Amino acid sequence: MILEDALKIAVCGGVYSNPYALRAFVDDARARGAEQLYCLGDLGGYGAEPDAVWPLLLDNEITVVAGNYDVAIGRGDTDCGCGYSDPRDNEFAQLMYDYTLAHTGRDFAQWMTTLPTERRFELAGVDVHLVHGSTLALNDFWWESLSDDQHRLRVQESGADLVMCTHSGLPWTKQVGDTLVVNVGVLGRPANDGRHEVWYALVDLDDGRVSAELVPLAYDWQAQAASMRAGGLPEAFVETVETGWWTTCLEVVPPYERSLGRYQLYRSALPTGFEDAPVSWADAPEVVDDGLPVVPLFGSPMFPPRLWLYTNFHCNLACSYCSVASSPQARRRSLGLERVKALVDEAVVEGFTEVYVTGGEPFLEPDIVEMVLYATERLDVVLLTNGMLYQGWRLEQLKRLAGRERLVLQTSIDAASAAGHDVNRGAGSWQKAMDGLRLAVDLGLPVRVGMTSTPDNSHEVEPLRALLAGMGITGKDFAVRPLVQRGFSELGAEIADDNTVPELTVTDDGLHWHPAGADVGTSPDMLLARNPSADVRVPLSEGKRLAVERFLTLRRADGSLPLVYNCAV
């Protein structure tokens, strides 16, 4: 069919048994001047009132394309044919489908069998192609994050000027060659964006030209939530309606899209037994059971809420195995006091619970104590130092930290005698480090000691443990961490982003996956994002998202998750 030269249409998808949103769509679209209304299918699912949708479609002359749900309900299939592959996704999908099948009248189901699975026509000189999943398949997920080749493949299958789809539940628009692609989102649940609103598309067609606007739609979500509870649907479904965050069917969502949501993993996917793992850390964050089947990656053992700040990279030592290539000759990179303050404030907002302040040697920074004082007012702080610079003015500054709550001073000691320590850190360094450690203890500062285990000093672990115990440093305040093959070190464990978990790290260069790979010169693979300029910095919120996206991308096909490298005590 060919219609007039200028036209405004409104297109929705995924009604999901939500008559409240469908009614709001009709009213909003008409108020915005839409002359024709379309729906791209999946009329049932998720909500509790599938039969309430049908009269709204008929009475408002909404032209419908069948979705996979509608085809399945019409035929009386045993499942929705949604296209999920993960068993946990399918478990929730089956709950939704069984409810819809049981509560959909036979007349409505029979009507669904009359619907085409795509529609192709010309409107105002524009070749329009309406599908449910994509031009390839009814249940194909057309995600925004697909590669350019995958977008082109789907567009080439059609060749239309405008292709509109739904199914994935997330709205987006993209120009692919001469074709405008619009995923209209869904009406049945929010778009995993923390909003109550749902989405549809408003399209202007004018003499062969086309433009589209994605419209957030307010509706009576409280009524939808109440209806779902009254229908006995799982609380996890209702949670999404009330919060705007997806709590089911997560595994099908690609890493980029999933990183934008609140939840990224099923609770059942989290491993346990961290304290017994060969490469681990003693106190994995506790994941509170709030009754939901899903958890955020950040704040879990897979992404601890610990922020690392590299105040600088220049150092008074040039340790042979420094993982970030710090030395007296290292390129100067300092965050500075004001930047550290801003990062601490940002860390609080973003949900970090502790900050590890490191270098280089932090006590080469003139404002290090001011940085720590500011940070400890807001977060737990561990200050890592070689403990060798507590003289003169620096000693007076150190005394300001005595009695400071929320602070721990962590010093690196590699042996119970100078021979085992100095071979890697320089002549005389053991004695100075031990003197600094004793001074800190005498000042009443809470102290920890980290030992880097090498092939030459493994026999020193127990003697050093005994030496430290004599100073009152026991238990978890002494940790042995493995040597890693990064920075200056040519020996040790080969760590990368695929066998460690993210611990967001900030340097003057940008944001990094892990503190053991925070030098862009020797560990470019662990860079998450480089700061655009000296005045424009990548926010921690984006760093968290990038780390989540990379983590999900790197997950192995068997679903196993990496161990946690013991960089912190």
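Residue numbers restart at each chain and count upward from 1, following the sequence in its written direction. Only residues with pLDDT of at least 70 are given local features in this predicted model, and only at 80 or more are side-chain atom pairs given and counted; all residues enter the totals for whole chains, interfaces and linings. Computation of side-chain values: all heavy atoms of the structure, hydrogens and water removed.

Caption draft 1: Spotlight on the nonpolar core. Grouped together as the largest cluster of nonpolar side chains are 80 residues, with contacts concentrated most on Leu307, Leu383, Leu401, Leu437 and Leu540. Only DSSP runs of H or I reaching four residues or more are called helices, and only runs of E reaching two or more are called strands; each is numbered from the N terminus. For this core, the leading source of residues is helix 11 (residues 368–376), giving seven residues. Not counting the four nearest positions on each side in its chain, Leu383 is found in contact with Val357, Pro362, Phe363, Ile368, Val372, Leu401, Leu407, Val408, Leu409 and Gln410. For this analysis, a nonpolar core means a set of buried residues of the types Ala, Val, Leu, Ile, Met, Phe, Trp, Tyr and Cys, connected via side-chain atoms within 4.5 Å. Three labels apply to residues, based on accessible area from a 1.4 Å probe with only protein chains included: buried if under 20% of the type maximum, exposed if over 50%, partly exposed otherwise in between. Membership of the second largest hydrophobic core comes to 66 residues, among which are Cys12, Val238, Trp245 and Tyr266. Only heavy atoms enter the contact rule, under which two residues are in contact if any of them lie within 4.5 Å.

Caption draft 2: Region of interest: helix 4 (residues 87–103). Take the number of residues in a helix, subtract one, and multiply by 1.5 Å to get its expected span. Its 17 residues give helix 4 an end-to-end C-alpha distance of 24 Å, which sits within 8% of 24 Å, the value for a rise of 1.5 Å per residue. Among all positions of helix 4, only Asp89, Phe92, Ala93, Met96, Tyr97, Tyr99 and Thr100 are buried. Buried residues in helix 4, looked at end-on, bunch into an arc of 160°, giving them a common side. The exposed set on the far side of helix 4, more than 90 degrees from its buried face, consists of Pro87, Glu91 and Ala102. Residues of helix 4 that are buried sit in contact with helix 3 (68–75), helix 8 (235–243) and strand 11 (265–266). Near the N-terminus of helix 4, the side chain that reaches the backbone nitrogen of Arg88, with its oxygen 2.8 Å away, is that of Asp86. The directions considered for the arc run from the helix axis to the C-beta atoms. Within 3.5 Å is the distance limit for a polar contact, defined as a pair of N or O atoms, with the added protein rule that one can donate a hydrogen and the other accept it, and that residues adjacent in sequence qualify only through two side-chain atoms.

Caption draft 3: Focus on the sheet that holds strand 10 (residues 209–217). Strand pairing is assigned whenever DSSP identifies at least 2 bridges connecting the two strands. One open sheet holds the five strands; their spatial order is 3-2-1-9-10, and the pairing between them is mixed. Every interior strand has two partners, whereas the edge strands, strand 3 (63–64) and strand 10, have only one. Judged from the two bridges that link them, strand 2 (residues 36–39) and strand 3 form a sheet pairing that is parallel. The residue bridging Cys39 from the neighbouring strand is Val64, located in strand 3. Sitting on the sheet, helix 1 (residues 19–31) touches strand 1 (6–12), strand 2, strand 9 (198–206) and strand 10, and the angle it makes with strand 2 is about 150°. Think of each axis as a best-fit line through the C-alpha atoms, taken over the contacting stretch in the case of a helix, with angles from 0 to 180 degrees between the N-to-C directions.

Caption draft 4: View of the state of the cysteines. Disulfide: a pair of cysteine sulfur atoms within 2.5 Å of each other. Counted according to the given criterion, the structure contains one disulfide. Note that Cys80 is cross-linked by a disulfide to Cys82, the S-S spacing being 2.1 Å. Taking the torsion about the S-S bond as the criterion, the Cys80 to Cys82 disulfide, at about -135°, is left-handed. Across this residue pair, the class does not change: Cys80 and Cys82 are buried. Cys315 takes part in no disulfide bond, and the closest cysteine sulfur, belonging to Cys319, lies 6.2 Å away.

Caption draft 5: Broad picture of the pattern of salt bridges. Just to be clear on terms, a salt bridge is a Lys or Arg side-chain nitrogen sitting within 4 Å of an Asp or Glu carboxyl oxygen. For the coordinates displayed, the defined rule picks out 34 salt bridges. When the shortest N-O distance is used, the salt bridge between Arg404 and Glu377 registers 2.7 Å. With Arg404 in the loop between helix 12 (392–399) and strand 16 (407–412) and Glu377 in the loop between helix 11 and strand 15 (380–385), the pair connects residues that are 27 residues apart, well separated along the chain. Accessibility expressed as a relative area gives 23% for Arg404, which makes it partly exposed. Between Arg448 and Asp477 there is a salt bridge whose closest N-O contact spans 3.9 Å. Separated by 29 residues along the polypeptide, Arg448 in strand 17 (residues 447–453) and Asp477 in the loop between helix 15 (461–469) and strand 18 (478–482) bring together distant segments of the chain. The exposure class assigned to Arg448 is buried, which follows from its relative accessible area of 18%.

Caption draft 6: Inspection of the packing of helix 10 (residues 337–349) against helix 11 at higher detail. It is at 10 Å that the axes of helix 10 and helix 11 come closest, and there the two elements cross at 15°. When the interaxial angle is binned, helix 10 and helix 11 end up roughly parallel. As helix 10 runs across helix 11, the sense of the crossing is right-handed. Here Leu337, Val340, Lys341, Val344 and Asp345 of helix 10 lie close against helix 11, whose contacting residues are Glu370, Met371, Tyr374 and Ala375. For classification purposes, angles smaller than 35 degrees are called roughly parallel, those larger than 145 roughly antiparallel, those between 65 and 115 roughly perpendicular, and all remaining angles oblique. Note on convention: the crossing is left-handed when the near helix lies turned anticlockwise from the far helix by less than a right angle, right-handed when the turn is clockwise.

Caption draft 7: Fine view of the confidence of the model for the protein. Residue-level confidence of the predictor, termed pLDDT, takes values from 0 up to 100. Scored by pLDDT, the protein comes out at a mean of 93, with 94% of its residues at no less than 70. For residues 273–282, every residue scores under 50 in pLDDT, and the model assigns this stretch 22 contacts once sequence neighbours within four places are set aside.

Caption draft 8: Region of the structure containing the pairing of strand 16. Within strand 16, six of the six residues are buried, which leaves the element mostly enclosed by the surrounding structure. Taking every second residue as pointing to the same face, both faces of strand 16 are buried, with Leu407, Leu409 and Thr411 on one and Val408, Gln410 and Ser412 on the other. Once you follow strand 15 into helix 12 and on to strand 16, the crossover reads as right-handed. In terms of strand pairing, strand 16 meets strand 17 through four bridges, oriented parallel. Residue pairing for strand 17: Leu409 is matched across the bridge by Val447. When the strands point away from the viewer, a crossover counts as right-handed if the route from the first strand across the helix to the second turns clockwise.

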